[in-house]
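A closer look at the structure
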Amino acid sequence: MAHLHLPASIAIIIAALAIVIQAIAVPDDSSTTKWFQHEKRAIPPPVSTTSEPPFPTPPPEQIPHHPNCNRHFFSSILPPEAKLENITIVPQGGSHGEGKRNIAYPTDPTNLPGLCAVTINVTSSKSSSYRFGIFLPNEWTGRFLAVGNGGFAGGINWLDMAPGTHYHMATVSSDLGHNSSATDTSWAINAPEKKTDWGWRALHGTVVLGKKLTASYYNVPKVSYSYYSGCSTGGRQGLREIQEFPDSFDGVLIGAPAWWTSHLNNYITQIGMYNLPNTSSSYVSNDLLKVVAKEVVKQCDEADGVKDGIIMRPDLCHFNSSRLLCPPDYHFPANKSLTTCLTRPQLATLQKVYSPHHHSSTDELIYPGLTLGSEAQWPLILNNNGTPSPFGVGYQRNFLYDNATWNYTTSYSDSCVDLADRLDPGQATADHYNISAYKSRGGKVILYHGLADGLVPTKGTELYYNRTIRSLGGDLTTLSGLRNTTSFFKLFLVPGLQHCWSTPSGVDAPWNLGGAFQAGVMGSGFYSVPGFEGKVKYDGLLALVKWREEGREVRQLVATGWRDGLNVTGGVKRQRANARAGAVIPSRQLQPRQFARHLTTETSSTTSSPPPVTPFRKQLKEQAKALKKSGAKKKKSSDNQTVPGWELTVGIEIHAQLNTSAKLFSSATTSFNDLPNTHQVSKWDRKHYFHWDQPSGYQITQFYEPFARDGHITLYARDGIASEDGEVVKVGIKQVQMEQDTAKTTAQPGDTQWLDFNRVGVPLIEIITLPEIHHPATAAALVRKVQMVLGSVDACVSGLEEGGLRADVNVSVRRVDDNGQPMGPLGTRTEIKNLSSFKAVEDAIIAERDRQIKLLQEGGEVKGETRGWSLGSTETRRLRGKEGEVDYRYMPDPDLGPVVIAPELVTRLRETMGVLPDEEADSLMERYNLSAKDALSLMLLDGGARVQYFYNVLDSLEERMEADGQTVPERAEHATLAANWCLHELGKLTDSASSSESTSNLEMTPLGESPLVPSSSLAAILFHLHSRKITAKVAKDLLWAVYRGEVAEGEVTNYIDTNNLWFKELSEDEYAQLANDVIEGEEKVLGEFVKFKQGKSKAYPQGKLMYLVGKMMRNGPEGRVEAAGAERVLRAVVEKYLEDKE
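Residues numbered from 1 in each chain as written. Predicted model: local features only at pLDDT ≥ 70, side-chain atom pairs only at ≥ 80, totals over all residues. Heavy atoms only, no water.

In the nomenclature of an unreviewed UniProt entry, the protein is known as Carboxylic ester hydrolase of Sordaria brevicollis. Under the UniProt heading Catalytic activity (unreviewed entry), the note attached to the protein is "L-glutamyl-tRNA(Gln) + L-glutamine + ATP + H2O = L-glutaminyl-tRNA(Gln) + L-glutamate + ADP + phosphate + H(+)". (UniProt positions renumbered as here; feature names shortened; annotations may be inferred.)

1. Regarding the overall build of the protein
When its secondary structure is counted, the protein shows 31 helices and 25 strands. With 1142 residues in all, the protein has 55% of them scored as buried. Of the roughly 49400 Å² of accessible surface on the protein, 51% is carried by carbon and sulfur atoms. (Helix = DSSP H or I, 4+ residues; strand = E, 2+ residues; numbered from the N terminus. Buried < 20%, exposed > 50% of the residue type's maximum accessible area, 1.4 Å probe, protein only. Areas by Shrake-Rupley, 256 points an atom, 1.4 Å probe, with all protein chains shown as cover.)

2. Observations concerning the state of the cysteines
On inspection of all chains with the given rule, the structure shows four disulfides. At a sulfur-sulfur separation of 2.1 Å, the disulfide partner of Cys231 is Cys500. On the S-S bond that ties Cys231 to Cys500, the torsion sits near -100°, and the link is left-handed. Of this pair, Cys231 sits in strand 6 (residues 225-231) while Cys500 sits in the loop between strand 11 (489-494) and helix 16 (540-550), and the two are 269 residues apart along the sequence. (Disulfide = S-S within 2.5 Å.)

3. A look at the packing of aromatic side chains
Going through the model one piece at a time under the given rule, you end up with 37 aromatic pairs. On the numbers, 5.3 Å between centres and 45° between planes, the contact of Phe135 with Trp158 is tilted. With Phe135 in strand 3 (residues 128-137) and Trp158 in helix 3 (residues 158-166), this pair connects stretches of sequence that are 23 residues apart. Since its relative accessible area comes to 0%, Phe135 is described here as buried. By relative accessible area, Trp158 is classed as buried at 1%. Measuring from centroid to centroid gives 4.9 Å for Tyr330 and Phe332, while their planes differ by 85°, and the two rings are edge-to-face. Using a relative accessible area of 43% as the deciding quantity, one classes Phe332 as partly exposed. Just above the ring of Trp198 sits the side chain of Arg236; from NZ or CZ to the centre is 4.5 Å. Lying across the ring of Trp260, Arg467 places its NZ or CZ 4.9 Å from the centre. (Phe/Tyr/Trp six-rings, centres within 6.5 Å; stacked < 30°, edge-to-face > 60°. Lys NZ or Arg CZ within 6 Å of the ring centre and 35° of its normal.)

4. Digging into helix 7 (residues 286-300)
With 15 residues, helix 7 extends 21 Å from end C-alpha to end C-alpha; this agrees with the ideal 21 Å at 1.5 Å per step. With respect to burial, helix 7 is a largely interior element, twelve of its 15 residues being buried. Those residues of helix 7 that sit buried are Asn286, Leu288, Leu289, Lys290, Val291, Val292, Ala293, Glu295, Val296, Val297, Gln299 and Cys300. Contacts made by the buried residues of helix 7 are with helix 8 (344-354) and helix 9 (379-382). (Expected span 1.5 Å × (residues − 1). Contact = heavy atoms within 4.5 Å.)

5. Observations regarding the nonpolar core
Membership of the largest hydrophobic core comes to 111 residues, with the highest contact counts inside it found for Phe74, Val118, Ile120, Leu136 and Trp259. Here this core gets eight residues from one element, more than from any other, and that element is helix 4 (residues 192-218). Discounting chain neighbours no more than four positions away, the residues touching Val118 are Phe74, Leu84, Asn86, Ile87, Phe132, Gly133, Ile134, Leu136 and Trp158. Ranked by size, the runner-up nonpolar core spans 53 residues in total, among them Tyr105, Val521, Val536 and Val568. (Core = buried A, V, L, I, M, F, W, Y, C linked by side-chain atoms within 4.5 Å.)

6. Let's talk about the pairing of strand 23 (residues 830-835)
With four bridges joining them, strand 22 (residues 805-815) and strand 23 adopt antiparallel strand pairing. In the strand pairing of strand 23, Asn810 is matched with Glu831. Pairing between strand 23 and strand 24 (residues 865-868): two bridges, direction parallel. Looking at the pairing, Glu831 lines up with Thr866 of strand 24. Where the polypeptide runs from strand 23 across helix 19 (residues 838-857) and back to strand 24, its parallel neighbour, the crossover connection is left-handed. (Pairing = 2+ DSSP bridges. Right-handed = clockwise from strand over helix to strand, strands pointing away.)

7. Overview of the pattern of salt bridges
Opposite charge on two side chains lets them pair, provided their charged atoms get close. Under the counting rule described, the total for this entry stands at 41 salt bridges. Notably, a salt bridge pairs Asp508 with Lys573, separated by 3.2 Å at the nearest N-O pair. With a gap of 65 residues between them, Asp508 in the loop between strand 11 and helix 16 and Lys573 in strand 13 (residues 567-581) connect regions that are remote in the sequence. Across the pair Asp1037 and Lys1033 runs a salt bridge whose closest N-O atoms are separated by 3.1 Å. (Salt bridge = Lys/Arg side-chain N within 4 Å of Asp/Glu carboxyl O.)

8. Some details on unusual backbone geometry
Residue Pro277 is bonded to the preceding Leu276 through a cis peptide linkage, with omega at -5°. Mapped onto the fold, Pro277 is located in the loop between helix 6 (261-274) and helix 7. Even without being a glycine, Gln427 presents a positive backbone phi close to 50°. Residue placement: Gln427 occurs in the loop between helix 12 (415-423) and helix 13 (436-440).

9. Some details on empty space enclosed by the protein
Roughly 170 Å³ of volume is contained in the largest cavity. Contributing elements (two or more residues each) for the lining of the largest cavity: strand 4 (143-147) and helix 3. Counting residues per element, the lining of the largest cavity draws most heavily on helix 3, at three residues. For the lining of the largest cavity, the per-class residue count stands at ten nonpolar, seven polar and two charged. (1 Å grid on protein atoms, 1.4 Å probe; cavity = no way out; pocket = protein on both sides within 12 Å on 5 of 7 lines; lining within 4 Å. Points joined across faces, edges and corners; volume = space filled by probe spheres on them. Nonpolar A, V, L, I, M, F, W, Y, C, P; charged D, E, K, R; others polar.)

Below you can see the structure in the form of structure tokens.
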């Protein structure tokens, strides 16, 4: 039997649907450092607002400090193997470190809180010792933090110790037993004890003794909580510590871990050798790597549906390296740096670097390949002046063989990996995946890795995470048991983040999430994420603490990037939430919705070019405007649901493009934005019919054995069903089946049809209802509900109006008697194809119903046929005759085996499925007091992302309220305020923009973030509005300023300050005077209040009162009259007026 190419993700999506239905832009050299340089950190000085020299440090006895910060205390409590080297009292705002003596970490932290700095030397064996530093802040929270190192570096990492002290943590770092740079391994040769210190012993000993010293210093039995933060080698150190010593930490923040030491360092040598010698025809220079990086961004940027220069989904990109191939007539320039293409041998080198490396004898995986988008850092390991990277060769010479003259050209082979696995010098490898002991004591892990990391391959971290899942009982095939891991261990993949910190020049992706090294590279006086200190969702360390101590599970982290690289003074440029990955199955990762784009292609001279694509929402708006301008009255939908004497019957077939990276039974990409006809790989069809959109003459579908049968969908009044259907209606689902999509047809003038075969073979799910719908509004409500259900399980590429969902409606009519009972069987049905909006569904059904009724009333006959509908039409049009099922000549496909979905998978999906639309609507209405209309609007807008944006705004708003000392009650008005703004005020931005040349959408991501109006910016506006510090008018003006890019994220408050926009409310006397002024000459209006007072009218004249309030706001000083205050005072003034009249 032929191989069945059906991704596991498709079966998973299908099972989930069955359940829910039943219930690098290329960097340039203009930056201050070379685009590939990464080893040495260029650390800017701390930001200073004055050019004056700092105040001189006062004598130690004059600096506030803890009484135990003295030599006598520490000397008295140290064990025999440890000795005190140094103790320093550091004042508030002071600095401490070892300067240039510390080869790896020569920059000392500044702007420290008041603390006691201590250096200890510990003898670890007869031939080795290590040092560690400890910062003991004057204000301590009971927490302990250890930080890691980088590469083979030796030195106390004072700079990375500093951030923890700002959170009042006692903080430690070890020099790992030597003093060297990250690439220097000469200290390790013939020194097994030093290797052991580097591998694990120095960190472990530092943690054990550091905790004891901390507890004694603060006179407590033990520290309350212990944490760790490290990246690269530091990431490996942290993982190994919790594997071997689960009691060491309560939570670890791990970045880009170099965990597989025995394999990684050998792989680095191997990957360097791929590109050697540098005189060979296969050599790829740094200049050519820039060309490669540019082409990768060109092909992969839009794999996530958004063109922003950042490769978000390298797993979805099917990179075609042949586009880099030099054409036969290419003239190579004399200056090789100007070459813009690659030869076939050079392309072969690229392929080796991207591909995993397997053992030549055993086929064992040695290491996964590097990720698309990581090319900017490849020079670190690919081009080292004609030799492999010292991270590799240094390991073989000084760790593995203890031979400084070991020659990689003659001696390296995969047997080096075998030896490293046997010896594991320093016992450094962290490959004990079962960390159940750490989990059982409540330990938490946040693991992150940049998708642009060109030093430690990101795929290695994905491999580690998957192996951990398996070791803890998880199954990556059925997805059962995943919660065993994800309940305490989260993985975040950060687009655009290079190794540990920064982003390639020209890419400018947000990258800082409070991880190791990240504050220090921005300046010696920073901590956390500059500008967002103390904010849980921006700071990974703080999020870890909250998760471990308060149970606030980490679901996303927001990365931050700045306009001016590492300089924060230029302001924030971008922030992006990074979704938590479960098991690393690329096709199941979150995929942003597709955006409509006009695709340019070559056409013959006889065919006109297509007009620019107008977004479908804009087409709908323009149609409504034209109708209004014409003076025609729009008939209410509620008035057009029934026709006396007739019954309408509708059945619907909904076609949804599944959210997968490959086509059905094919490895071809499902990209919808490439040039037409570049993915022509489709086979295995056995539903026979002949049409130009199906070149093979048949289609793979499911007729006899569909994935699911006999389900239903429940619709409620809030879903928008016709009032004639009452409060609830249940619509039966006949079956759910999978099939291949057909080509996209675009009609041209005359008889010309343009065909785009990229869509052929894309997996579709077809949901077929029973003919149980009798009102057009209910039909539209069902399609809307299905779209929401598909979105809730991330099954569909995009929504109805974006083209990822299409609805075919089957319409028939029959007469009913005076009691409304049908007279005879169902009438002949017609099918209206490819309806692309909810309005089109309703309008097309009404038009076809009316056409059929008129035809029958005139004595005609309804013929079974396929009909079409165009935007703005008033009637359907005939497309072709309708074939019956027997005419399709269904037959079992002889080449494809059955797809079996295990009951365990269904059970697991049912248990772990996220919040479905009805549950979410109930929550929005009950918890946040939203109307049904507003709740559903939030859930539908931006493909479901608007509701997540609302949650983000609400979280940020409540954080601000709590920080301001305000209580945050349930069902409070602030939630309603946030919802109204997320719906209506944001809507006004895009409504206005759609009629101009400005951006016509908010570019909302699936995680609910908008680069045009960041959720934190809107939350800042609403916080000041809710606190009555600004007026509603000022708030709306601020929103527009943010939208136009005039106010950067995090700068709302500063903008208000700079422009003096704070609300200076009138006093009570000023309000009273203004109220008395506005009622003068308003005797007619006041007469309505008199009538109410005298009982001549039943209703209080609230409208008249608000008329006077509006007059107060217009007549009062600008920006000082607040509507609620004006109404309160005016009501009292009117009451006094009425009393005086009596």
